[in-house]
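What follows is the residue order along each chain.
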Amino acid sequence: AAKAAPDEAAKGECLYLQGDTLLRHEDHAGAQRALQAAAKLTSDFRDDAAFGLGWVALGQKDQAGAQRAFQQFVEQFADSPLASKARLELGRSLYGDKKYAAAQQVLASLLQGGTTPDVAQQAQELTGLCALASGAGEQALGSLQKALAEAAPADRARLSFALGEAYANLSRWEKAVA
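The paragraphs below set out a description of the structure included in this document. What you see is a predicted model, and the numbers here were worked out from it, not measured in a lab. (Residues numbered from 1 in each chain as written. Predicted model: local features only at pLDDT ≥ 70, side-chain atom pairs only at ≥ 80, totals over all residues. Heavy atoms only, no water.)

Since there are 3.6 residues in each turn of an α-helix, residues three or four apart along the chain are aligned in direction. The end-to-end C-alpha distance of helix α8 (residues 137-150) is 20 Å, a good match for the 20 Å that 14 residues give at a rise of 1.5 Å each. Next to the buried residues of α8 lie α7 (117-133) and α9 (153-169). (Helix = DSSP H or I, 4+ residues; strand = E, 2+ residues; numbered from the N terminus. Expected span 1.5 Å × (residues − 1). Contact = heavy atoms within 4.5 Å.)

Time to look at the packing of helix α5 (residues 83-96) against helix α6 (residues 100-108). For the pair α5 and α6, the least separation of the axes is 8 Å and the interaxial angle reads 170°. As far as their axial angle goes, α6 and α5 are roughly antiparallel. Between α5 and α6 lies a crossing of left-handed hand. Here α5 contributes Arg 87, Leu 88, Leu 90, Gly 91, Leu 94 and Tyr 95 to the contact with α6, which in turn contributes Tyr 100, Ala 102, Ala 103, Val 106 and Leu 107. A class-by-class count of the residues in the contact of α5 with α6 yields nine nonpolar, one polar and one charged. (Axes fitted to C-alpha atoms, helices over the stretch in contact; angles between N-to-C directions. Parallel < 35°, antiparallel > 145°, perpendicular 65-115°, else oblique. Left-handed = near helix turned anticlockwise from the far one by under 90°. Nonpolar A, V, L, I, M, F, W, Y, C, P; charged D, E, K, R; others polar.)

With that out of the way, let us pick up the nonpolar core. Counting 17 residues, the largest nonpolar core has Phe 51, Phe 70, Phe 73, Ala 86, Leu 90 and Leu 94 as its most contacted members. Within the residue set of this core, elements represented by two or more residues are α3 (46-59), α4 (63-76), α5 and α6. Once residues lying within four places of it in the same chain are set aside, the contact partners of Phe 51 are Phe 70, Phe 73, Leu 82, Lys 85 and Ala 86. Of all hydrophobic cores here, the second largest spans 15 residues; its members include Leu 132, Ala 140, Leu 163 and Ala 176. (Core = buried A, V, L, I, M, F, W, Y, C linked by side-chain atoms within 4.5 Å. Buried < 20%, exposed > 50% of the residue type's maximum accessible area, 1.4 Å probe, protein only.)

Looking now at unusual backbone geometry. Backbone geometry places Glu 26, a non-glycine residue, at a positive phi of 60°. Residue Glu 26 is classed as exposed on the basis of its relative accessible area, which comes to 63%. Positive phi, close to 60°, is recorded for Lys 61, a residue that is not glycine.

This is how it looks when you write it as structure tokens:
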């Protein structure tokens, strides 16, 4: 379909959709080719394609590649509706690599507003987990308590467990087991 597209914008859309479909089918190499091609074209799907490249890297278990892709996305497409999600995924990847201070720095902008409640809540949780993992118990408590207060019912058990860990790390046993 991309070859038959009447213009660059349509070709970019076709390549993005092809790459997205391949990514969903876990054909990471094919998705990467299609999304890289789409990201180079002037179309409304250029940012979607660039965002998808981060997911391709994650699918390939390439944390460094995912971090580069999401960082490049944030720099190139700061005004995109996907920018806050790219920051969140960059923070999540940094957390997975035990780069807690860097993750917290990336996530801080999401806690200032200007994003969806879902992304803000996830950023709050990740900030708390970074603080917990780096030994900043009081900061972890504050972040995790706020995340728990704003969490959907399905997320509360996981957050309650993390909050219990934060209390245990501070030797506040009565609250850790509550």
